[in-house]
There are 2 protein chains.
Amino acid sequence: MANEVESTPNSYPMNGGIGCHSYVKNSHIQRALLHAAKDVITEAIVEKVDITNPWFNSSRTLRVADFGCSVGPNTFVVVQNIIEALELLYRSKRHNPEIPEFHVFFNDHVHNDFNTLFRSLPFSHRYFAAGVPGSFHDRLFPKSTLHIIHSSYALHWLSQVPTQLADRNSPAWNKGRIHGLGASSKEVREAFSAQFSKDLQAFLNARALELVGGGLMLLLVSGLPNEFHSSQTNSAIVLDLLGSCLIDMAKMGIISEDNVDSFNLSIYRTCPGELEAFIEKNGHFKIEKMEELINPVRWDPPDFQMLASHLRATFEGALEEHFGNEIMDELFERFTNKIGENSHIIYDQQYIKETEIFVSLKHRVTDYEV
Amino acid sequence: MANEVESTPNSYPMNGGIGCHSYVKNSHIQRALLHAAKDVITEAIVEKVDITNPWFNSSRTLRVADFGCSVGPNTFVVVQNIIEALELLYRSKRHNPEIPEFHVFFNDHVHNDFNTLFRSLPFSHRYFAAGVPGSFHDRLFPKSTLHIIHSSYALHWLSQVPTQLADRNSPAWNKGRIHGLGASSKEVREAFSAQFSKDLQAFLNARALELVGGGLMLLLVSGLPNEFHSSQTNSAIVLDLLGSCLIDMAKMGIISEDNVDSFNLSIYRTCPGELEAFIEKNGHFKIEKMEELINPVRWDPPDFQMLASHLRATFEGALEEHFGNEIMDELFERFTNKIGENSHIIYDQQYIKETEIFVSLKHRVTDYEV
């Protein structure tokens, strides 16, 4: 239960508080996605949860957990959606509906801003709320206690940058780049994919123990279409622009070039084929459904400031840890300008090929022993 | 589940963070008390928890909650003690011990500093941890889910100052004083006692629903011996000194006298007889044991700065809300000096008559229906 992964330097929370650079104020891109996911989540719960299963039938409390909840408000939107779907299911399937009470757990890294999360809990929430600090690559709940598990926009965060990338003598040394999305180097791509596989296995193994028999896991994973090279995505283009701002600042002597070369964001975008293979390899879960979601407002309207603010709220923690706080304002000012100058590339429809992969998974159990 | 009480202005958390005025750095007085309570808590668990009771016997998870946990580290000491007592019980009573997993819930007001609490969780804790934001005068958990409930040093905080005290025309208008401990006015005393009764009933009613049949509730309540007038206690004397600093500042025109008259701390000290009567009146719990604990290091050594810092960490939130942040440093500088000048009274043994009342309560249930 000690959070080994937690102690690595790669557990950067989203920006806390409610200020202009906070995640709370800069997460509407993710919110649009969640609205797009609402129907598939409702459908999965109504169709796939069997409330006559003893784990549901005998329980007067249903436990729902959101892994990687961040500071809100998106997590509240998802949870409300899940609760409403469960209520709908209980009302529709029982003559004399006795709806269980709901216990909802909001999980994120121990350095997440739980104070802001708790203070922004919707006043009229119809569930009991709790916060759970710790890395979702570790166990966080007792055995067989969760009925619905959800995670969105979180599994693309790795527990660490692959170690090879920090080794100047490795073929995976990522010189001049700050991320592994669309890496031209085979070694960099493989190192990131292996790290994602390892982290996903840790996540699935922990959740397999925590989920009740017949329980449902709903994942939204930032990804790419199959056979699609991620250098063609605007995420890769935008992060290359952010990297080029750091290189500019290195050339001006503000930071060192070595410091730029040794920095990498610990994120990875999988594709449906790879994700399916990794889940099958794990073996604890049966894939009920996998589909690609389209986020209708993802890059529209092309508001440079909004995009820069969104990325600042997301990545500032990692950048600050490596480069220090004092260069952040200058870095993001340069970045905002670069986005403006390159908007014709960023918003070119041919590059908007990212996808969010929705997967609903059911616990593979041989019996329903409670 | 909406926290009605939470929205009142009287939910002041202890000072957050880890700075010099924080509760984390200024709660060793409470910690000494908890060490003194260790043995009675262990004894209560080992003697009074029946692990053959179906709520314990069939559960693979035992849930423990600390109500009014504040920011630590004291809550971790208590919880560790409870877990160790439960482990001892399971090991001693079973031939083939299968110790359940533990899920521990740390509760305090939504404005408590949960970030600091979570970041200071002991690295090697042998339980799954969660934070629960909200007033313990409301429901905070689903029905019949907690096995052990604990609360120490918290129930003397009322949900609000009795409304009569804010009414200039009421006989309970508490002119010239900032608290109700040892009030010479019968009306003030009765108003505080009635508020304590109301809050305690709300607490017990909520916990009666949340505790499993046969579950144990362990309370440490700041109190006074029976028939003991609280004006003779050093708490009352010390708070009178704090009040006199405010009056001095009013005379100097720094704050208004009206502002001092309208301010009251929402705390109350009960006595064993009154506490027993209120619990009996509630009816949900059987008192297994009630005793007065002696805190060996409570006012010793007489370190003025420590005492002032302790009270600042505890009461600054309430004072700041009423008088504004800008007078806090001056107020507590004056207060520290006054404690020094009056140490012969504060540390006079005849006044050290406060007590901590330990009560162990068992859920009154007619059957053990799980």
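An account of the accompanying structure is given in this report. As the structure is a computational prediction, the values presented were derived from the model and not from experiment. (Residues numbered from 1 in each chain as written. Chains lettered and ligands numbered in written order. Predicted model: local features only at pLDDT ≥ 70, side-chain atom pairs only at ≥ 80, totals over all residues. Heavy atoms only, no water.)

As a further point, take unusual backbone geometry. In this structure, the amide linkage connecting Gly72 of chain A to the following residue, Pro73 of chain A, adopts the cis form with an omega of 0°. Structurally, Pro73 of chain A is set in the loop between β1 (61-67) and α3 (74-93). Backbone geometry places Ser70 of chain B, a non-glycine residue, at a positive phi of 60°. Residue position: Ser70 of chain B is located in the loop between β1 (61-67) and α3 (74-93). For Ser70 of chain B, a relative accessible area of 4% gives the class buried. (Helix = DSSP H or I, 4+ residues; strand = E, 2+ residues; numbered from the N terminus. Buried < 20%, exposed > 50% of the residue type's maximum accessible area, 1.4 Å probe, protein only.)

Moving on, we get to the relation of the copies chain A and chain B. Superposing chain A onto chain B takes a rotation of 180° plus a shift of 0.1 Å along the axis, which leaves an RMSD of 0.0 Å. The superposition operator between the copies reduces to a two-fold rotation axis. Within chain A, Gly131 of chain A has its C-alpha nearest the rotation axis, a separation of 2.4 Å. (Least-squares fit on C-alpha atoms with pLDDT ≥ 70 in both.)

Tallied over the full model, the rule gives 27 aromatic pairs over all chains. Plain terms: the ring middles of Phe105 of chain A and Phe105 of chain B are 6.3 Å apart, the flat faces sit at 40° to each other, and that makes the pair tilted. Here the residue Phe105 of chain A occupies a position in strand β2 (residues 101-108), and Phe105 of chain B occupies one in strand β2 (residues 101-108), the pair thus bridging two chains. Assessed through its relative accessible area of 0%, Phe105 of chain B is described here as buried. For the pair Phe118 of chain A and Phe114 of chain B, a centre-to-centre distance of 4.9 Å together with 90° between the ring planes defines the contact as edge-to-face. Placement of the pair is Phe118 of chain A in helix α4 (residues 114-119) and Phe114 of chain B in helix α4 (residues 114-119), with the two residues belonging to separate chains. Phe114 of chain B carries the same exposure label as Phe118 of chain A, and that label is buried. Cation over ring: Arg207 of chain A sits above Phe203 of chain A, and NZ or CZ is 4.9 Å from the ring centre. (Phe/Tyr/Trp six-rings, centres within 6.5 Å; stacked < 30°, edge-to-face > 60°. Lys NZ or Arg CZ within 6 Å of the ring centre and 35° of its normal.)

Another aspect to go through is the interface of chain A and chain B. Contact with chain A, which involves 39 residues of that partner, is made by 38 residues of chain B. Viewed at the interface, chain B and chain A are joined by two salt bridges. A salt bridge links Glu101 of chain B to Arg139 of chain A; the shortest N-O distance between them is 3.3 Å. The interface formed by chain A and chain B holds 14 residue pairs in polar contact (both at pLDDT 80 or more) in total. (Contact = heavy atoms within 4.5 Å. Salt bridge = Lys/Arg side-chain N within 4 Å of Asp/Glu carboxyl O. Polar contact = N/O pair within 3.5 Å; in protein donor to acceptor, adjacent residues only side chain to side chain.)

Residue and element names in this part refer to chain B. Within the fold, Asn81 resides in helix α3. Looking at Asn81, the relative accessible area reads 7%, which means it is buried. If near-sequence neighbours (up to four positions away) are discounted, Asn81 is found in contact with Lys38, Ile41 and Thr42.

Before going further, it helps to spend a moment on the packing of helix α6 (residues 234-251) of chain B against helix α9 (residues 304-323) of chain B. Residues and elements named next belong to chain B. Packing of α6 against α9 brings their axes to within 12 Å, and their N-to-C directions diverge by 50°. Accordingly, the angle class assigned to the pair α6 and α9 is oblique. Judged by the twist between their axes, the crossing of α6 over α9 is right-handed. The residues of α9 that touch α6, namely those facing Val238, Leu239, Leu242 and Leu246, are Leu307, Leu311, Phe315, Leu319 and Phe323. Here the contact of α6 with α9 is built from residues that sort into nine nonpolar, no polar and no charged. (Axes fitted to C-alpha atoms, helices over the stretch in contact; angles between N-to-C directions. Parallel < 35°, antiparallel > 145°, perpendicular 65-115°, else oblique. Left-handed = near helix turned anticlockwise from the far one by under 90°. Nonpolar A, V, L, I, M, F, W, Y, C, P; charged D, E, K, R; others polar.)

All right, on to the pattern of salt bridges then. Summed over the entire model, instances satisfying the criterion amount to 36 salt bridges over all chains. Between Arg177 of chain A and Asp240 of chain A there is a salt bridge, with its nearest N and O atoms 3.1 Å apart. Residue Arg177 of chain A is located in the loop between β4 (146-152) and α5 (186-210), and its partner Asp240 of chain A is located in helix α6 (residues 234-251); the two are separated by 63 residues in the primary sequence. In this structure, Arg334 of chain B and Glu330 of chain B form a salt bridge, with 3.0 Å as the shortest nitrogen-oxygen distance.

The next point concerns the packing of helix α5 (residues 186-210) of chain B against helix α8 (residues 272-282) of chain B. Residue and element names in this part refer to chain B. Axis separation between α5 and α8 bottoms out at 10 Å; the angle between their running directions is 45°. Overall, the two elements α5 and α8 adopt an arrangement that is oblique. In the crossing of α5 with α8, the sense of the turn from one axis to the other is right-handed. Contacts from Ser193, Phe196, Ser197, Leu200, Gln201, Leu204 and Asn205 in α5 reach Glu274, Leu275, Phe278, Ile279, Lys281 and Asn282 in α8. Grouping the constituent residues of the contact of α5 with α8 by class yields six nonpolar, five polar and two charged.

Quick look at helix α9 (residues 304-323) of chain A now. All names here are of chain A. For α9, which comprises 20 residues, the first-to-last C-alpha distance of 24 Å sits more than 12% below the rise-based estimate of 28 Å (1.5 Å per residue). Approximately 60° is the largest bend angle found in α9, and it occurs at Phe315. Phi turns positive one or two residues past the end of α9, at Gly324, with a value near 90°. (Expected span 1.5 Å × (residues − 1). Bend = angle between axes of the 7 residues up to and from the residue.)

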